[in-house]
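Close look at the chain arrangement
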Amino acid sequence: MPKRFVSWMIGGPQGSGINVAAETLAKAFSRGGLYVFANIEYHSNIMGKHSYYRVRVSEDPIHAPVEEVHLLAALDEETLFGDHHHNPEFPTHHGHVHEVVPGGGIIYDADLGDIRDRLKRDDLRLYPVPYFEMIRRALEPFGKAAEYRQYDIMRNTVALGATLAILDYDFDLVAEVIREQFKGRRARLADMNIQALRVTYDYVHEHFGNDFPWKVRRRERRGDHILIRGVQAVALGKLQAGLGVQTYYPISPATDESTYLEAVQSKYNVVVIQTEDEISAINMAVGAAHAGARASTSTAGPGFALMPEGIGFAAITEAPGLVVFLYQRGGPSTGLPTRTEQADLGFALHPAHGEFPHIVIAPGDVVEAFYDSFEAFNWADRYQMPVIVLVDKYLASSYITVPRFETRHLVIDRGIRYQPAGQRDGYLRHAVTESGISPWVVPGTEGVVFWTTSDEHNPKGHISEGVLHRMEQMDKRMRKLELAAREIPDSKKFTLHGPADAQVTLVGWGTTKGAILDALEELSALNGLTFNFLQIRMMRPFPAEPVGAILRRARRVILIENNYSGQLGNLIREMTGFRIPHRVLKYDGRPFTVNEILEGVRRALENDEERIVMISSEAREVIPWPTR
Amino acid sequence: MPKRFVSWMIGGPQGSGINVAAETLAKAFSRGGLYVFANIEYHSNIMGKHSYYRVRVSEDPIHAPVEEVHLLAALDEETLFGDHHHNPEFPTHHGHVHEVVPGGGIIYDADLGDIRDRLKRDDLRLYPVPYFEMIRRALEPFGKAAEYRQYDIMRNTVALGATLAILDYDFDLVAEVIREQFKGRRARLADMNIQALRVTYDYVHEHFGNDFPWKVRRRERRGDHILIRGVQAVALGKLQAGLGVQTYYPISPATDESTYLEAVQSKYNVVVIQTEDEISAINMAVGAAHAGARASTSTAGPGFALMPEGIGFAAITEAPGLVVFLYQRGGPSTGLPTRTEQADLGFALHPAHGEFPHIVIAPGDVVEAFYDSFEAFNWADRYQMPVIVLVDKYLASSYITVPRFETRHLVIDRGIRYQPAGQRDGYLRHAVTESGISPWVVPGTEGVVFWTTSDEHNPKGHISEGVLHRMEQMDKRMRKLELAAREIPDSKKFTLHGPADAQVTLVGWGTTKGAILDALEELSALNGLTFNFLQIRMMRPFPAEPVGAILRRARRVILIENNYSGQLGNLIREMTGFRIPHRVLKYDGRPFTVNEILEGVRRALENDEERIVMISSEAREVIPWPTR
Amino acid sequence: MAYAVKDYKTEVWVDWCPGCGDFGILNAIHQALAALQLPPHKVAVFSGIGCSGKTPHYIGTYGIHTLHGRVLPVATGFKLANPEMTVIAVGGDGDGYGIGAGYFLAAGRRNVDLTYIVYNNGVYGLTKGQASPTLPKGVQTKSLPEPNLMEALNPIAVALGAGYTFIARGYAYDVRHLRDLIVAAIQHRGTALIDVLQPCPTYNNIYTREYYNARVYKLEETGYDPVVHNPTDEKEIVEKKAQALLKAYENGDRIPIGIFYRVERPTLEDELAARLPHWGKALANLEPIYQRDLTPLLDELR
Amino acid sequence: MAYAVKDYKTEVWVDWCPGCGDFGILNAIHQALAALQLPPHKVAVFSGIGCSGKTPHYIGTYGIHTLHGRVLPVATGFKLANPEMTVIAVGGDGDGYGIGAGYFLAAGRRNVDLTYIVYNNGVYGLTKGQASPTLPKGVQTKSLPEPNLMEALNPIAVALGAGYTFIARGYAYDVRHLRDLIVAAIQHRGTALIDVLQPCPTYNNIYTREYYNARVYKLEETGYDPVVHNPTDEKEIVEKKAQALLKAYENGDRIPIGIFYRVERPTLEDELAARLPHWGKALANLEPIYQRDLTPLLDELR
Ligand SMILES: Cc1ncc(C[n+]2csc(CCOP(=O)(O)OP(=O)(O)O)c2C)c(N)n1
Ligand SMILES: Cc1ncc(C[n+]2csc(CCOP(=O)(O)OP(=O)(O)O)c2C)c(N)n1
Ligand code: SF4
Ligand code: SF4
Ligand SMILES: [Mg+2]
Ligand SMILES: [Mg+2]
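Note that this is a predicted model, so its numbers are computed, not measured. (Residues numbered from 1 in each chain as written. Chains lettered and ligands numbered in written order. Predicted model: local features only at pLDDT ≥ 70, side-chain atom pairs only at ≥ 80, totals over all residues. Heavy atoms only, no water.)

Quick notes on the domain arrangement of chain C
All names here are of chain C. Domain boundaries assigned for chain C yield domain 1 (5-265) and domain 2 (268-302). Centre-to-centre separation of domain 1 and domain 2, based on C-alpha positions: 35 Å. Around 790 Å² of area is buried between domain 1 and domain 2 when both sides are counted, 52% of it from carbon and sulfur atoms. Along the contact surface separating domain 1 from domain 2 lie one salt bridge. Here D270 ties to R189 by a salt bridge, and the two come within 2.7 Å at their closest N and O atoms. At the surface where domain 1 touches domain 2, the tally comes to three residue pairs in polar contact (both at pLDDT 80 or more). Per-element accounting of the side of domain 1 that touches domain 2 gives the leading share, three residues, to helix α2 (residues 71-81). Residue composition of the side of domain 1 that touches domain 2, by class: four nonpolar, two polar and five charged. (Domains from an automatic or database assignment. Buried area = accessible area lost by both parts, 1.4 Å probe. Salt bridge = Lys/Arg side-chain N within 4 Å of Asp/Glu carboxyl O. Polar contact = N/O pair within 3.5 Å; in protein donor to acceptor, adjacent residues only side chain to side chain. Helix = DSSP H or I, 4+ residues; strand = E, 2+ residues; numbered from the N terminus. Nonpolar A, V, L, I, M, F, W, Y, C, P; charged D, E, K, R; others polar.)

Here's the deal with the coordination of the magnesium ion (ligand 6)
Residue and element names in this part refer to chain D. Looking at the magnesium ion (ligand 6), one finds its protein donor set to be D93 (OD), N121 (OD1) and V123 (O), positioned 2.1 to 2.2 Å from the metal centre. Sequence positions of the donors to the magnesium ion (ligand 6) reduce to the motif D-x27-N-x1-V. Pair noted here: D93 is in helix α3 (residues 93-99) and V123 is in strand β5 (residues 123-124), with a separation of 30 residues, a long-range link. Classification of D93 as buried rests on a relative accessible area of 1%. (Donors = N, O, S within 2.8 Å, 3.2 Å for Na, K, Ca; no water. Buried < 20%, exposed > 50% of the residue type's maximum accessible area, 1.4 Å probe, protein only.)

Describing the site of ligand 4
Taken together, I46 of chain B together with W16, C17, C20, C51, N121, Q198, C200, P201, T202 and Y203 of chain D make up the full set of residues adjacent to ligand 4. Those residues lying near ligand 4 are distributed over chains B and D. Here the shell around ligand 4 is composed, by residue class, of eight nonpolar, three polar and no charged. (Near = heavy atom within 4 Å.)

So, the environment of P201 of chain D
All names here are of chain D. Here P201 lies in the loop between β8 (192-197) and α7 (209-213). Look at P201 and you get partly exposed, because its relative accessible area is 38%. Counting along the chain gives 69 residues from P201 to D270, while the straight-line C-alpha distance between them is 43 Å. In contact with P201, not counting residues within four places along its chain, are P18, G19, C20 and K142. (Contact = heavy atoms within 4.5 Å.)

Quick word on the interface of chain B and chain A
On the side of chain A, 77 residues touch chain B, which itself brings 77 residues to the contact. Between chain B and chain A, the buried area comes to about 6,400 Å², and carbon and sulfur atoms account for 59% of it. A per-residue breakdown of the area chain B buries against chain A is headed by H353, E355 and E465 of chain B, which together make up 13% of the total. Taken together, the links from chain B to chain A amount to six salt bridges. Across the pair E465 of chain A and R339 of chain B runs a salt bridge, and its minimum N-O distance is 2.8 Å. Those elements giving two or more residues to the side of chain B that touches chain A turn out to be α11 (301-304), α12 (308-317), α13 (345-349), α16 (467-487) and α20 (567-576) of chain B. By residue number, the principal contributor to the side of chain B that touches chain A is α16 of chain B, which donates 10 residues. Per-class residue counts for the side of chain B that touches chain A are 31 nonpolar, 27 polar and 19 charged.

Thoughts on the coordination of the magnesium ion (ligand 5)
All names here are of chain C. Here the magnesium ion (ligand 5) is held by D93 (OD), N121 (OD1) and V123 (O), and the distances to it run 2.1 to 2.2 Å. Between consecutive donors of the magnesium ion (ligand 5), the numbers of intervening residues give the motif D-x27-N-x1-V. Classification of N121 by relative accessible area gives buried; the value is 10%.

Re the sheet that holds strand β6 (residues 125-129) of chain A
Residues and elements named next belong to chain A. On the basis of which strands lie adjacent, the open sheet formed by eight strands has the order β6-β5-β4-β1-β3-β2-β14-β7 and mixed pairing. In this open sheet, the two edge strands, each paired with only one partner strand, are β6 and β7 (225-229). Looking at each pair of strands side by side, their axes are set apart by 20 degrees on average, direction ignored. With four bridges joining them, strand β1 (residues 5-13) and strand β4 (residues 69-74) adopt parallel strand pairing. Residue pairing across strands places G11 opposite A74, the latter belonging to β4. (Pairing = 2+ DSSP bridges. Axes fitted to C-alpha atoms, helices over the stretch in contact; angles between N-to-C directions.)

If you want it as structure tokens, here you go:
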């Protein structure tokens, strides 16, 4: 049976507070025993450009957005009708009205007047609300009614109040969340906002009754849950791993993770440093790693593009404990700074000149993001090689309800450390060992010193261009990768979701996971076939044997990637020789919806299309959620 | 019949002038109607560390070094016995005596005393020459005999004089080359050196007779020839292509190309600018390209590691006429700055975040380097995408005799240019066309302006995050790569050397070409099989169909690469699914010798080994040149 | 007047926050271009990445919006290849003095004929208000979770050490004064730096319009003479630099704007022109490059 | 004395050219470490890439030979993670003022407690003598095909603008004086810059030992007072900076060496210590990180 859900969208100019409204609602839903998935689309702009936020809520766990909107809250005209007046020559969108389901609702500012004609459809429930009048009324008890125009930012709360009334959701839960947002000296703002919420709630009930077909009701749910987004999951994983130094240079969508760490640095004793650029960020992290701390830097494509040298440096000097987080966003170049994409895999796999070992892992959701972030530091210490964790804007900023993380079983492994024998005991930083691992040491250790260099070197860490030292060190470094390949369990490298012997195998990586998982059940029902999903998580060392085996055994295989060329598909072919015949791709800077997975798979199976390119619903007709 | 050749080596500390001696000899050989291949191994050091230079000479065209040394000229003890006294704990080599063929000769300083015992072999002809005494005698006519110790730099000329006597080569030809080196005010130095040459020549004739079994004699050769190394071939190709701006930041082994261009910039009207780093170098070149000039920057791995951002920027803004030259050297990181490797292919193929079109070509020798460098600018203009030319240290610095370049047939194609219609005529810099090419314009053109940006944009070049603009531009950019794939002829993309239906196919790229070609003939004779050599030149767009067809048709296939992992092999598998069963690899920072090709292929064929790793003769026994 | 201010505008919607100082700078650039009557197709405006980086889209000349921190190299390469263009580079303080600091220094050493305008708002605007390199230590703007950890860099002082030949400070809300500075900077032969005090009402609640309005005064109104009158007199140069340095650190109750230092020195173009007889038109003017004859170079390799 | 000079040496063969100024600097470092009696395992020496970059291999402490231009970020990260170590960073003038110029500026702003010694030879030694950022315009050393195209940057002047709290110049062949400067720099709390005039006999035939021997004089012998006595007095700071600037540009017949400017300001470590109660030992001292409890943060996400 298809999952039941309600999908809400709020749209408005940047700076108008759609985030606060959506996140308040999401939190209130999640606390109300429901499962939430909420994601935002916004411009690389501070104020004025169009942004929108989807909140999907269900009684069952959900992991991705859908295209249908049951209730649309528009803070401005553009949300309804697009940006033709801003951009007459090259408009970028036509609004979101077409995404509202038949019978769905639109909340908008009554001051816009009669919009019926402009809507070009008459199957919608309209909720015109006089935004400013609501604000004015809300301010009355505070003696501020005359200044109501200065409080235009409260329009988001008005829209939220209307939403609550229409969906018939628990008013007090929302009020509680608002109260938590404004603490201390800002408590008065909470009161004002709750008042606006109340006034609108009442207004809507009074004027429009209570006949909206989609309602959301709080309920009891078993187990502790949290509502979390990717940047938080990563930050928590890092903290649990014992992160000592985090360096960063601001960049969307990675900054929020560092900001989060900054906010808790005093409590958890982490040094968080904003550097002068990403070259400094990576090199400072390498320095901190050599000093014995677990060190990390988080960035996006343009910042990562400045790190190749530092990554190679970390690799050849075998810095322990360095993990780099790459939040992918729409590329190339500055590209689409606030949009999502999975297009940096090839770069992350070849992140510098020359050959050296490194690990690349791509968690598929916040849960994996937490555990992989934790484990990455163990690998970085154990194998003394850089670990790159690939995440993306979509993961970074999407909120999801998940069971609270379990941390008791997590064990910190700092790898093989050197035990000094005595005063200046001839420690060899790059000792040649069978495993490839040279025991490491924390500088400052009595009686020990070491040298290391970005030049090729002898076991002592002094420059050597000698053929045999070169071969020894090169082989030793690369042996560590083989060791990592052997030691890291398959369960970290890939997961086959669903029945092993399914008739169709979907292949993907990273954050397409949510949409694919949400689609799986539907797919079977719709296509009358069994499906499974091969999620690749570790790209280096790549689990070539088991993945090759699964694919060769599979009957029909479809690749799904949030990029132009199917980079995982290319990697799979390089590693296994297996060519996946269908590629469902999307590269417009937006994540896959569940609808698009269903549609892409349908086109692969029914039409046998090789290359299927999805374009977001904001620019086309909605792919209807299938009914069975 | 195996080619006849003589192989000479000179060794000494850096700064001792082995380069001058070897290049003088090479030039004198080449002018004497012979074919020369000469290559150097040296440290990343200015003075003191051990370096050596091989000069191979033959009456037939030759393209690579061999391991055997017929005559070794040692400027110091280390050349004979290694660096144990410098590096007692971690010595890097044991000298070159073992590389001398039975019956071969060693020229060394008589002041070293009796070295017979230390040689540990008694099959060599020894030519002890009192170096300083020779210098003293040479200085007599100039009244400088008393200061002879200050002229220790002339030891290289002494060694050269002895060489001439032993090989019985034309004295006057060498004297002529020396005279050309010291012109104007330095002419007196020429006289001194020629005198040292003469004195030693006579001394050796007098003391050691004329019984050396390997002689070199000048002869007549048909056609105009030049003796050239890679940096010069590239520079000439760029000049012929109309290079306008060359930016560079000093780095081995790329600097010499820029220095060469600098020396001729006034004559050829090229702006050569030393920048503050490689980020500036690439971005300045992109700026120059947008201004309408053909622009280029040349660098090595560590410099290229700073260029990803600039490359992505060039790609998304569709800068016309930008070509980046990557001189590969031993990696990773600073690695082996003055050694060779082919280990940057993977990086060059994925040189930045996101997805964008670019061209990657790797010439295999100086002739291809010249023509590919020329053509690269035509592609950069025509397709308005960055072109990366992969060369390496070995190509950069090795001298070879080749027929003089033909230039008359070379045609400059600046691509499709926009014809302005009138005052501010609404030119669209990123117009969406079927081919993907948006006509370009030189800024300053009356009535035209344009915008462009590293952000995703609309056809006019203004930022747009709209889904449809994104798709249009992304598709348009990638279409250009398909166009390039169609338009660039296969002959530029790969070459099948030798019989199409050979029993064994060797696969390689770049500068392994010379050693493989020199080996081909021998291989057939030795193994009783027919061989051909598939040289891949263009890695992007990759000629997947024809290459796949050739490989699938081939009977036994052996990959040969100067790196650790067989990067071309990985690319071939990714592109064609074909897995090459044998890999002959070398990654000690030195190029393949012909001997190693023969040996590697033998091991693949006879022992069926999968991974065959070669280690240079300086660190092992010499693989004997096969006799049939 | 052949060109009006509107000829330097575009139809693109300006996406800065209401009250942003960038509007003032944009107006001043429009007005300066009109005052100089530069044909739009003879001007190219370059920018880095940031709120400031959007400027070229709002100017009706060639507009090249580059990378974060790299505006000076790109603009320099462009100018050297096409020296008849008037080149203006703009960018944020993070862009120019943070990630781009190395290029900021090197540009002073090169002295290519271009104008560099830095929008100095003390924050990283587009990434939501982190401290920029000009925000003093200990200051906590509303966007910072903790007071700023690092000392501010003094752009004027650094520019003096780097060798800039024209160093000025403007104020975003004295548009007329800023326009005149831009005119003077464009007319100056060599690299001209204009650091512009730019209120960012969204993130920087310390260095606001009110703050500056109360403090800013004009150097030229105090009889200050920034000009090195004898550019070959090293002593005068150093004295003028020391004088400028003292002014550069005047940032309490009174904050000077205007030209701090100015000297005429040969540009990089002058040097290139002396070396390359046909430099200038030739490089971007595609035809001459077809005629190169490699014969003499090939002959040398015989 | 527990440690002799030889305890700070290594067995590695020194591969600099005969007569290179680097030898003098190396000796001065050895002597300074001995003078301060720092246990070798409590010192870490970092370098960039260049002839100068080889220094750590010749010193018997922790030695980390980093990348070209990145020595300051690496050393800074190390120090912040392991603040009980004495950190010395060295590098060439190309390394520090060219490709590393951005980090040179930023380090001044951070004021982490470390010593930065720049080997200023006017050339890129290891890549064969190209002009470095400190080579004056028009000068043609024997390794240059044409006279240098760009103006020299003045490191002392730039450091003043960047906020360095200790700025000195040494001379490679006055080893005793240089040793004392290094001792003072290490003792200084904060980032200390020592720009060292370093003859490169192989490539720089202009700024030679003879050249400097004839010109160098010691600031301290002239009664010059570099110290800001009241570090909270902005006026004194600016005056001392202006005084230092004038000295920085004295480079004709007389060239000053010694400390140009010095002030005590809180280090970045001071600020961090105030914020992070357990900072210091804890980060590299692996055990405490095992005990982190995320409960409060997870609770917030309910
Ligand atoms: C290499 C790189 N790193 C980071 C970013 C993210 N980024 C965009 S704008 C910006 C800072 C903008 O600050 P500033 O230069 O002061 O300009 P403003 O927005 O204040 O005008 C940053 C860090 C980027 N685009 N590229
Ligand atoms: C990113 C990068 N670019 C270029 C180089 C090549 N390189 C090695 S040393 C050097 C310059 C050395 O000059 P300087 O820093 O002044 O040191 P010196 O040799 O004079 O001591 C350069 C450019 C490099 N190693 N890395
Ligand atoms: S964030 Fe600040 S600088 Fe950016 S547009 Fe808004 S006010 Fe201007
Ligand atoms: S090249 Fe110059 S700096 Fe380098 S070692 Fe030789 S003399 Fe010293
Ligand atoms: Mg700013
Ligand atoms: Mg130097």
